[in-house]
Amino acid sequence: MTVASKRTATVTLPTDEQILITREFDAPKHLVYKAWTTPELVRRWWSAKRGEVTVAEIDLRVGGTWRYAMIADGGFEVAFHGEYREIVPNERIVSTEVYEGMPEGEALDTLTLTEVDGRTTLSILVQHTSKEHRDAHIASGMEDGLQDALDLLEQVAISLL
Amino acid sequence: MARAATTTDAFNAVAEPRRRELLDGLVDGERAVNDLVRLLGISQPQVSKHLRVLREVGVVDVREDGRRRLYRLNGPALKPIHDWVKAYERTWSERFEQLDVVLEELKKEEGDDSGE
């Protein structure tokens, strides 16, 4: 059996209103899709080791809603919800996303799964309507929201890697 | 015109849109002040004021070249901001590591099913 190597997520900021998250998985896309859309499975991975997932509701149909919440280790609740706009099983999900700490900032998320040789590249493009909301999203779940400090474009930040 | 102090750290220094434009203008390399003035379309005193703030927190460096002053980006000073995005990235990395575990189980289940 292959051992999954440690791989990190790559986060880039393609424009002032966007966040792009990508990661490759050592599994076919139908399994990634299953893990992504099955509430019992979401409960196991969505916490990011920072607390306990308390809500994972998924009504997987166009016009259906989703809501995830967790109690972070610091004791505060972090919750997100949204509505499904487009669903192509095993390939693509477009949904809205609202960070409940900032309800006026609704983003549109596009999840894309691409499989090559049994491995799947997952990407999430988060499209916000303003830079302020995008930055608040990045700061979500962090202790203090440094709202407007970040506008260094991807090339600046990434050039430091 | 009174403003809050902007020179305490890199976060404050880049909170001002013009200063971010200056940094973007320096991404590809060194530039003279006049070059930056043209790029931003604001007056030289304004550009110089912003460059001074950026220099005070160490985000840009300057050197003399004859009569010109050339500014360049100082990457390491931007690291705290880079780290901020990194913290978000870390959240996703940890989420995905947990997802790896779930996927390994799903693969195993699927393998068991097809083996029966």
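Summary of the structure given here. Predicted model, so just to flag it, every value in this text is computed and none were measured.

A separate point is the overall build of chain A. Across its full length, chain A holds four helices and eight strands. In chain A, the order of α-helices and β-strands from amino to carboxyl end is β-β-α-α-β-β-β-β-β-β-α-α. Relative to its 161 residues, chain A shows a buried fraction of 31%. The long-range share in chain A, meaning contacts at least 24 apart out of those at least 6 apart in sequence, stands at 35%.

Looking now at the nonpolar core. Within the largest apolar cluster, 32 residues are counted, with the highest numbers of intra-cluster contacts made by Val32 and Ala35 of chain A together with Leu103 of chain B. Secondary-structure elements contributing two or more residues to this core are strand S2 (18-25), helix H1 (29-37), helix H2 (39-45), strand S4 (65-72), strand S5 (77-88), strand S7 (106-116) and strand S8 (119-127) of chain A together with helix H5 (79-115) of chain B. The next biggest cluster of nonpolar side chains, apart from the first, holds 18 residues, and it includes Ala13, Leu36, Leu51 and Leu73 of chain B.

A word on the sheet that holds S5 of chain A. All names here are of chain A. Strand order in the open sheet formed by eight strands is S1-S2-S8-S7-S6-S5-S4-S3, with antiparallel pairing between adjacent strands. Each end of this open sheet is capped by a strand with a single partner; those strands are strand S1 (10-12) and strand S3 (51-58). Averaged over all pairs of adjacent strands, the angle between strand axes in this sheet comes to 20°, irrespective of strand direction. As paired strands, S2 and S8 are joined by eight bridges and run antiparallel to one another. Looking at S8, one finds that Gln18 is bridged to Gln127.

What counts as what
Residues numbered from 1 in each chain as written. Chains lettered and ligands numbered in written order. Predicted model: local features only at pLDDT ≥ 70, side-chain atom pairs only at ≥ 80, totals over all residues. Helix = DSSP H or I, 4+ residues; strand = E, 2+ residues; numbered from the N terminus. Buried ≥ 20, exposed ≤ 12 C-beta atoms within 10 Å, placed from the backbone. Contact = placed C-beta atoms within 7 Å. Core = buried A, V, L, I, M, F, W, Y, C linked by C-beta atoms within 7 Å. Pairing = 2+ DSSP bridges. Axes fitted to C-alpha atoms, helices over the stretch in contact; angles between N-to-C directions.

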